[in-house]
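Examination of the molecular architecture
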Amino acid sequence: MAAKEDYSSLVHGLSSLDFSGDSTPCQLLLTGDTAFPVLVTPAQHVLLAASKYGKGKIVVMSHESYLDQPRFMDFLKNAISWLKPSLEAVIGVSNNLGHLEKTLSSSGYRVEKVSGLKNDLGVFCTTGYDDSQAEDIVTFLRQGGGVLIGAQAWYWSYSHQKENVLCHFPGNKITSVSGVYFTDKYGERGNFCMSENIPWSPVYQDINFSADLKHLMQGVIDLDIHGQSVPSELLLHGSLTFPIGISNNNQCFFGAAYYGKGRVFVGGHESYLDMSELKSFILNAVSWLDMGRNGKIGVDQSKDLLCVLQNEGLSCVASDLIPGLSVYCCTSYSDAEAEKIHRFVAEGGGLLIAGQAWYWSYYNPNVLSQYPGNKILNKFGISFLAKTVGQGVYKALDPKAVDSTYHFPRAIYQLLEDLKSGVDLKPPLSSWMKKLIQDVCTYIRLPTSPLTSSLQQELAHLVKGCHLPTICKQFPVKNSSKAALILCLAQEVSYLECLDDNGECGPDLLAQHPVTVQIDATNPGGDAWRSTGLFLPPGKTAVLMFQASAVGQGLQVQVGCQSDNLSAAEEFYRAPVVIHRKDVHGEKVKMSCIWGGLVYIIVKAKSQLGRIPVTVYGAEHAPTFIKGQTSLSSWQQTIRNYPAPWAELITENIVLTVPSDAIRSLEDPETLMSLWDEIMAAVADLAAIPKKFPRPERIVADVQISAGWMHAGYPIMCHIQSAKEITNAEHIKKNGF
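The following refers to the structure shown. None of these values were measured; they are calculated from a predicted model.

Re the overall build of the protein
Of the regular secondary structure elements, the protein holds 23 helices and 39 strands. The C-alpha atoms of the protein give a radius of gyration of 29 Å, which matches the 27 Å a tight globule of 737 residues would have. On the principal axes, the C-alpha backbone points of the protein span a range of 90 × 65 × 50 Å. Within the protein, buried positions represent 56% of all 737 residues. Looking at the protein alone, contacts between residues at least 24 apart form 71% of all its contacts between residues at least 6 apart.

A word on the sheet that holds strand E8 (residues 123–127)
Reading across the sheet, the seven strands line up as E3-E4-E5-E9-E8-E6-E7 and stay open at both edges, with mixed pairing between neighbours. Of all strands in the sheet, those with a lone pairing partner are strand E3 (36–40) and strand E7 (110–114), marking the two edges. Direction aside, the axes of adjacent strands within the sheet are offset by 15 degrees on average. Here strand E5 (residues 56–61) runs beside strand E9 (residues 146–150); their pairing, made up of five bridges, is parallel.

Here we look at the sheet that holds strand E34 (residues 624–626)
The strand order across the open sheet formed by six strands is E34-E35-E36-E37-E39-E38, and the pairing between neighbours is mixed. Where the open sheet ends on each side, the last strands, each with one partner, are E34 and strand E38 (710–711). The pairing of strand E36 (residues 654–659) with strand E37 (residues 697–702) spans four bridges and is classified as parallel. Its bridge partner being in E37, Ile654 is matched across the sheet by Glu697.

Description of the packing of aromatic side chains
For any pair of aromatic rings, the description consists of the separation of the ring centres together with the inter-plane angle of the planes. According to the stated counting rule, one finds 36 aromatic pairs in the structure shown. With 6.1 Å between their ring centres and 65 degrees between their planes, Tyr155 and Tyr158 make a pair best called edge-to-face. With a gap of three residues between them, Tyr155 and Tyr158 both fall in helix H5 (residues 154–158), about one helical turn apart. Their ring planes at 70 degrees and their centres at 5.5 Å tell us that Tyr371 and Phe384 sit as a pair that is edge-to-face.

Let's talk about the environment of Trp646
For Trp646, the position within the fold is in strand E35 (residues 646–651). Setting aside residues no more than four positions away along its own chain, Trp646 makes contact with Phe535, Gln562, Leu598, Ala622, Pro623, Val658, Pro659, Ser660, Ala701 and Ile720.

Things to note about the side chain of Ser65
Secondary-structure assignment places Ser65 in the loop between E5 and helix H2 (73–83). Since its relative accessible area comes to 19%, Ser65 is described here as buried. Here the side chain of Ser65 touches His63 through a polar contact of 3.0 Å, side chain to side chain. Polar side-chain contacts of Ser65 include one of 3.0 Å to the side chain of Gln69.

A look at the nonpolar core
For soluble globular proteins, nonpolar side chains are generally found buried alongside one another. Of all hydrophobic cores here, the largest spans 59 residues; its most connected members are Ile341, Leu351 and Phe380. Residues within four places of Ile341 in sequence aside, it is in contact with Leu321, Tyr328, Cys330, Leu351, Ile376 and Phe380.

Describing empty space enclosed by the protein
By the definition in use, this model includes six cavities of 30 Å³ or more. Counted as a void, the largest cavity has a volume near 90 Å³. Around the largest cavity, the lining comprises 14 residues; the ones closest to its centre are Leu234, Leu236, Cys252, Tyr406 and Phe408. For the lining of the largest cavity, the elements supplying multiple residues, two or more each, are strand E13 (232–236), strand E14 (241–246) and helix H16 (429–444). In terms of residue count, E13 provides more of the lining of the largest cavity than any other element does, four residues in total.

Considerations on the environment of Phe384
Structurally, Phe384 can be placed in strand E21 (residues 382–388). Linking Phe384 and Gln457, residues 73 residues apart in sequence, is a C-alpha distance of 23 Å.

Let's talk about the packing of H2 against helix H3 (residues 98–106)
Viewed as axis vectors pointing N to C, H2 and H3 meet at an angle of 65 degrees, and their least axial separation amounts to 11 Å. If you check the angle between H2 and H3, you find them roughly perpendicular. Our pair here, H2 against H3, has a crossing hand that is right-handed. Together, Met73, Leu76, Lys77 and Ile80 of H2 and His99, Leu100, Thr103 and Leu104 of H3 make up the contact between the two elements. Here the residues of the contact of H2 with H3 sort into five nonpolar, two polar and one charged.

Conventions and cut-offs
- Residues numbered from 1 in each chain as written.
- Predicted model: local features only at pLDDT ≥ 70, side-chain atom pairs only at ≥ 80, totals over all residues.
- Heavy atoms only, no water.
- Helix = DSSP H or I, 4+ residues; strand = E, 2+ residues; numbered from the N terminus.
- Rg over C-alpha atoms; globule rule 2.2 N^0.38 Å.
- Buried < 20%, exposed > 50% of the residue type's maximum accessible area, 1.4 Å probe, protein only.
- Contact = heavy atoms within 4.5 Å.
- Pairing = 2+ DSSP bridges.
- Axes fitted to C-alpha atoms, helices over the stretch in contact; angles between N-to-C directions.
- Phe/Tyr/Trp six-rings, centres within 6.5 Å; stacked < 30°, edge-to-face > 60°.
- Polar contact = N/O pair within 3.5 Å; in protein donor to acceptor, adjacent residues only side chain to side chain.
- Core = buried A, V, L, I, M, F, W, Y, C linked by side-chain atoms within 4.5 Å.
- 1 Å grid on protein atoms, 1.4 Å probe; cavity = no way out; pocket = protein on both sides within 12 Å on 5 of 7 lines; lining within 4 Å.
- Points joined across faces, edges and corners; volume = space filled by probe spheres on them.
- Parallel < 35°, antiparallel > 145°, perpendicular 65-115°, else oblique.
- Left-handed = near helix turned anticlockwise from the far one by under 90°.
- Nonpolar A, V, L, I, M, F, W, Y, C, P; charged D, E, K, R; others polar.

Laid out in structure tokens, this is it:
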């Protein structure tokens, strides 16, 4: 990641920085996808940060005195080297920073003392108490300039107690566009060691959004989202986000955020923007976004919303995002204006956006990273999910009850604190655990940025420091327990560790004897699992090598076959999710799964790739019988005794996946699978379809399934007790199936 290299440049040659002395810093707050902390104290206070905006870079210090103190000069020289856009760039240093000017001059930099930003500078060094040139400095930054700035906002807040520090503190009118904010909270003082890697940045600051909620809920008693429109759930993961509409099970369908100098309001369905039942609420949202400017409102596509706003006497225009707008209203179904929207909001605009992602998810993978609305909103700390929210009439949030309202950043911050200290979970956190577990697992899969990666790695570290809880039918795990959290996180962390297909795999792995399997990648039916006959042991890593022609053709690698997601169950006999899938985007795919599992290649519907070889390192053979290919003697003498815990019996139209213990004593799988051929032929006759199915059906046994004694789907799921029955020809003939 580029941020790692940037961080290394900024801290090069430094082992510690001394923040002791008379100056009291403020804490810095970071948001967005480019900001990262440079120094975080043991109390988790960010005192130094860096970011990018447009073509430029910025370094922010938590007190202006640090810009001119000798003990910071080595860091500041690193910062100037990183900030300057060219070797010959002129460094403009404010008149009140004499020691910095002398240090840079004696170090060979081209330095000019200035009273403010002027033309022809490459870097501008200033304090954050004068916003008279704020717009010019933001433009300078966006166009490629470097900004070094220092300030603290706690003293300013004493004389501006009724003003929002994040919005109105002069320095924030410059730095916030890059996702860095000065706050009114004191920072920790001391001599602090520099971290080898980007330090962990706390995701949550105790920010009070009650005034915002009061504005948004003025005259609103409830939020009526009944009817035919089904909303998508929203995940609010940024520090400056807050929920506005929440269902009874803590799913968010209206959310908002501060970002840069602007604001964002998000709805879980576009039809809500012009629903009569929500008219007052939406008008409040437009007013909140406008910030008292009485500016022009642009409305893209929604003629009904345009009419509502015009009937209220508001200045509106039907347009895409054009210059001069105060608020822009659009849907989440296109990312064509994403870059323009990011700049619009960062520099003070208000964005009203709505849509749903659940229907899009039926035909597209990776909602979090690829859904158009998320390409806009992830940066702001809000993401559309594929999950839906139940329609209904929900009580409006009480601005006075913000602390007792579920909000992911607050909840995860408190959870980490409680887990580290070992205290028992207390309300309201204990009552949020079921929802929090779901959101943590979703957060792990967000596109990486310095801030999301920071929390993702913190969660991974947490899992690695814990023992996996014992789980089985005799020792079930409650859904909303710490144990359930660890089980879910363990699965997601194994996903996280295999994100980089091109990562080093280790000489020991590639030295293992590889197995090459031939996969039928022609598939006239729906998405099909192709068995490899291999098993990946729990916690181990495998590497699969594909030929170049197979890359980017919709193939996936899957580890595990028990595909039911049990997250909705009250208690678990196994981890809720035990399969791991990964797209084949390169010739080498690295895979692991904490639970292990049989290895499959997923071939998408209507593929015409023919037979392709796949070479696998790190997996072992599983008991596999293929009717017409596997000899009876090989089965009896060797194959059925392979130690892998899961086995497969395969014939033309069906695959049975059962525990290996169920087939260890199976002497004649040929007869059994011939019987299953007859059963599938009868199914075809009954359905009046061709004898050969477009893809073989699958029956998979599991210790726990999501519904019933067994349930339909691909695969068909049955309880593990049925494994002996479906692999016993005499039992089937006598009792049926």
